[in-house]
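Descriptive analysis of the structure
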Amino acid sequence: MRILAIALLAGLAQPALSQGAPPGAWSCTGCHGPHSGTTMDLRTRSAEDIDAALAAFRAGTRPATVMDRIARGFTLDESRAIAQWIADHARRE
Amino acid sequence: MRGASDTMPLTRRRMVSAGGAALALPFLGRGAQARGSGRVVVVGGGFGGATAARFLAAFGHQVTLVERQPTYWTCPFSNTVLAGLNRMEAIAFGYGGVRAAGVTVLQDDAQGIDPERREVRRAGGPAIPYDRLLLSPGIELRYDALPGYDQAAAEVMPHAWIAGAQTRLLRRQLEAMEDGGTVAIAVPDNPFRCPPGPYERASLIAHYLKAEKPSSKILILDAKDAFSKRPLFEEAWAALYPDMIEWVPVSSGGKVVEVDPATMTLRTDFAEHRVAVANVIPPQRAGAIAETAGVADATGWCPVDPETFESALVPGIHVIGDACLAGAMPKSAFAANAQAKVVAGTIDALLRGEAPGPAKLINTCYSLAAPDHAFNVAGVYEAVDGALAQIEGAGGTSPVGAPADIRAREAEYARAWYATITGEVFG
Amino acid sequence: MVAMVNIPETVTAGTVVEVKILISHPMETGFRTGPDGTLVPRNIIPEFRCLYGGEEVFRAEIFPAVAANPFLSFFLRAEQTAEVELLWTDEAGQEHSEARLLTVQ
């Protein structure tokens, strides 16, 4: 199933994730929805882009107003899974 | 089934037929698995309830949302209405988008819960059966907690802490006030809805007064000695509204112990303040249905499991948003919306006989000190020893001393956040 | 150390009046760690007294469980015009007192 496919892609082994969302992912859409404007709109970003951005936010090497403090709440694996999930779900047909 | 799903991802057309207007939900599009068939009743159509209802419907469940009002006025950005920056319409939302997502919206009053028969009793029709019940009832103002402050008093000294008519009333009073008047804001002790809200309110009222009634003052009478984002607010007040806002903490006698609407007087243990406009924010508890349902404890709030948000007192009932005791997570609209999505997934899993997955939650909360001056507090949370705890090393506030262009950019982000989240909640 | 005091100024004989006092004091328990990582030494107000016309009418023992900025309120019967004195000393040796004249008509 698709959910399983996403989970495997992300290197996760949890079959019963909340509708396929890795921990924390649902919170992202409160700001990063389709109408949120340029910097917050993630529809055109790839999983690699988002993952790299989260890593840079976590390391403090990318300027931030809030994402640095949020990214530090997630492990490398967690933010990679979130990046994959966002990329898979944010792109619209 | 597995083979079919693997080779044929859900198409737009299939999603629409399977999950109602699932595509109207951001991020739900291709990934949602509309395969549930449970009956879920959601009580309360705010940031928590409306979000959960839409997502559960998209997951394929039969969802009924019970909400008293045909229009919801958001507390977020209601302070901009008080400042004259927005009209009431800007913070008003109907339930058309929730209905379009496939939710049955009943404009009705949920009057009681029968957990044995799993039914919600309501004023305007037969009881509604449920497999899972989600309560997102927001807050009830405690009219028994502050001597002199009852519902009649609130028509003279508005709380404006549930947005709507009260917001309009307080705005009118501010407009009618003469230059040189004092606006008092009485703030309760924790916990209460929107911890930084009173201070954002003071800021935005100051923004209005500075332009229109510059000799006026704002007096914050506080039942606490600390408040959310205090260094950031105090920095903004010193820069933007010097000598206009006075904050009196409890250790300086700030706690209001009695009010008299007839003389517009607020009494503390040590002083009496006669003011032109009194915004009295009284102590609060979970929305009334929580007590009726037996999910509120002696504090008036609802203890819940930190991962599933299932009531610690009554099984089968989930409680989210301001009404629940969510450990370190504050009572904010962002938190209610984030909790709603996690709980929608949890309820979906439970109804399909699966164990819910692990959860993490984020809160982000912007405060506007002026239209072009905002800052935020954020936190990341997970369940630790039975309570939601903030993950160490993450979270915190915007830095003190940031340049004006950063504050202005944060104000843009705050507006973008509002547009995004209300889109996700109400469609 | 400062305090806010609320005692009625003038009452009729026999009136029971409420005395309220809010003392600004950290009430350090001795268990709290300061910014430098070391324990902040204990410093509470162990005892509080009230004299009315020179006679002790109220005394409170205070323990570390009492939060910072203790608020006390108690009642006394106004019998004669006299000074109400509020006295306390903290464990760092800081003495403090507040006095108000209570006029009885």
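Residues numbered from 1 in each chain as written. Chains lettered and ligands numbered in written order. Predicted model: local features only at pLDDT ≥ 70, side-chain atom pairs only at ≥ 80, totals over all residues. Heavy atoms only, no water.

So, helix α7 (residues 165–176) of chain B
Helix length check: α7(B), at 12 residues, gives a terminal C-alpha distance of 16 Å against a target of 16 Å (1.5 Å per residue), a fit within 8%. Looking only at α7(B), the buried set comprises B:Gln166, B:Thr167, B:Leu169, B:Leu170, B:Arg171, B:Gln173 and B:Leu174. (Helix = DSSP H or I, 4+ residues; strand = E, 2+ residues; numbered from the N terminus. Expected span 1.5 Å × (residues − 1). Buried < 20%, exposed > 50% of the residue type's maximum accessible area, 1.4 Å probe, protein only.)

A look at the nonpolar core
Judged by nonpolar contacts, the single largest core of 138 residues is most densely connected at B:Ile218 and B:Trp237. In terms of residue count, helix α11 (residues 333–351) of chain B provides more of this core than any other element does, 10 residues in total. Each of domain 1 (16–141 + 286–426) and domain 2 (153–280) of chain B contributes no fewer than three residues to this core. Counting residues in hydrophobic clusters, the runner-up holds 26 residues, among them C:Ile45, C:Ile62, C:Leu76 and C:Val84. (Core = buried A, V, L, I, M, F, W, Y, C linked by side-chain atoms within 4.5 Å. Domains from an automatic or database assignment.)

Considering the side chain of B:Arg201
Residue and element names in this part refer to chain B. Tracing the backbone through its elements, the reader meets Arg201 in helix α8 (residues 197–212). Within the buried set, Arg201 has no salt-bridge partner at all; the shortest N-O distance to an opposite charge, 7.2 Å, is to Glu200. Side-chain polar atoms of Arg201 contact the side chain of Asn79, separated by 2.8 Å. Those residues in contact with Arg201, other than ones at most four positions away along the chain, are Ser78, Asn79, Leu82, His159, Ala160, Trp161, Leu170, Ile185, Asn279 and Ile281. (Lys, Arg positive; Asp, Glu negative; His and termini not counted. Salt bridge = Lys/Arg side-chain N within 4 Å of Asp/Glu carboxyl O. Polar contact = N/O pair within 3.5 Å; in protein donor to acceptor, adjacent residues only side chain to side chain. Contact = heavy atoms within 4.5 Å.)

Structural notes on the domain arrangement of chain B
All names here are of chain B. Examined at the domain level, chain B breaks down into domain 1 (16–141 + 286–426) and domain 2 (153–280). Distance from the C-alpha centre of domain 1 to the C-alpha centre of domain 2: 28 Å. In this assembly, 36 residues from domain 1 lie in contact with 32 residues from domain 2. Interface area for domain 1 against domain 2, summed over the two sides, is near 2900 Å², with a carbon-plus-sulfur share of 68%. Looking only at domain 1, the three residues that lose the most surface to domain 2 are Asn79, Leu82 and Phe375, adding up to 22% of its buried area. The residue Arg193 makes a salt bridge to Asp322 at a minimum N-O spacing of 2.5 Å. Taken together, the links from domain 1 to domain 2 amount to 12 residue pairs in polar contact (both at pLDDT 80 or more). With six residues, the single largest contributor to the side of domain 1 that touches domain 2 is strand β22 (residues 361–370). (Buried area = accessible area lost by both parts, 1.4 Å probe.)

Regarding the packing of aromatic side chains
The geometry of an aromatic ring pair is captured by the separation of the ring centres together with the interplanar angle, meaning the angle of the planes. Residue and element names in this part refer to chain B. In the structure shown here, the tally under the stated rule is 24 aromatic pairs over all chains. Ring geometry for Phe93 and Tyr418: centres 6.3 Å apart, planes at 65°, overall edge-to-face. Separated by 325 residues along the polypeptide, Phe93 in strand β4 (residues 92–93) and Tyr418 in helix α12 (residues 404–426) bring together distant segments of the chain. As far as the burial class goes, Phe93 and Tyr418 line up, both buried. Seen in terms of ring centroids, Tyr199 and Phe233 are 6.1 Å apart; in terms of plane orientation they differ by 55°. Their pairing is tilted. Of this pair, Tyr199 sits in helix α8 while Phe233 sits in helix α9 (residues 230–240), and the two are 34 residues apart along the sequence. Classification of Tyr199 as buried rests on a relative accessible area of 0%. Given a relative accessible area of 0%, Phe233 falls into the buried group. Among the aromatic side chains, those forming a connected cluster through ring pairs are Phe47, Tyr72, Phe77, Phe93, Tyr95, Trp417, Tyr418 and Phe426. (Phe/Tyr/Trp six-rings, centres within 6.5 Å; stacked < 30°, edge-to-face > 60°.)

Some thoughts on the environment of B:Val98
Residues and elements named next belong to chain B. Mapped onto the elements of the fold, Val98 is located in helix α5 (residues 96–100). Judged by relative accessible area, Val98 falls into the buried class, the value being 0%. Here the alpha-carbon distance between Val98 and Leu56, two residues 42 residues apart in the chain, equals 11 Å. Excluding its chain neighbours within four sequence positions, the residues that come into contact with Val98 are Ala50, Arg54, Leu65, Val103, Val105, Val425 and Phe426.

What to know about the packing of α7(B) against α8(B)
Between two packed helices, what matters for the description is the angle formed by their axes and the separation of those axes. Residues and elements named next belong to chain B. Running from N to C, α7 and α8 point in directions that differ by 40°, and their axes come no closer than 11 Å. Judged by the twist between their axes, the crossing of α7 over α8 is right-handed. Across from Leu170, Arg171, Leu174 and Glu175 in α7, the residues of α8 making contact are Arg201, Ile205 and Tyr208. The residue inventory of the contact of α7 with α8, partitioned by class, reads four nonpolar, no polar and three charged. (Axes fitted to C-alpha atoms, helices over the stretch in contact; angles between N-to-C directions. Left-handed = near helix turned anticlockwise from the far one by under 90°. Nonpolar A, V, L, I, M, F, W, Y, C, P; charged D, E, K, R; others polar.)

Looking at the pattern of salt bridges
Tallied over the full model, the rule gives 28 salt bridges over all chains. A salt bridge links A:Arg80 to A:Asp51, with the nearest nitrogen and oxygen atoms 3.2 Å apart. Residue A:Arg80 is located in helix α5 (residues 76–90), and its partner A:Asp51 is located in helix α3 (residues 47–59); the two are separated by 29 residues in the primary sequence. Looking at A:Arg80, the relative accessible area reads 40%, which means it is partly exposed. Judged by its relative accessible area of 17%, A:Asp51 falls in the buried class. Of the charged contacts in the structure, one is a salt bridge between B:Arg39 and B:Asp131, with a shortest N-O distance of 3.1 Å.

Examining α3(A)
All names here are of chain A. Along its 13 residues, α3 runs 18 Å from first to last C-alpha, staying within 8% of the 18 Å computed at 1.5 Å per residue. Of all the residues in α3, the buried ones are Ala47, Ile50, Asp51, Ala53, Leu54, Ala56, Phe57 and Arg58. Trailing α3 by a residue or two, Gly60 shows a phi angle of about 80°, which is positive.

Some words on the interface of chain C and chain B
Note on interface size: it is often stated as the accessible area lost on association of the parts. On the chain B side, the residues contacting the nine residues of chain C number seven residues. Together, the buried faces of chain C and chain B total about 650 Å²; carbon and sulfur atoms form 59% of this surface. A salt bridge links C:Lys20 to B:Asp269; its shortest N-O distance comes to 2.9 Å. Summed over the shared surface of chain C and chain B, the number is three residue pairs in polar contact (both at pLDDT 80 or more). Contributing elements (two or more residues each) for the side of chain C that touches chain B: β1 (2–6) and β3 (16–24) of chain C. Take the side of chain C that touches chain B: its biggest share by element is four residues, from β3(C). Taken together, the residues of the side of chain C that touches chain B sort by class into five nonpolar, three polar and one charged.

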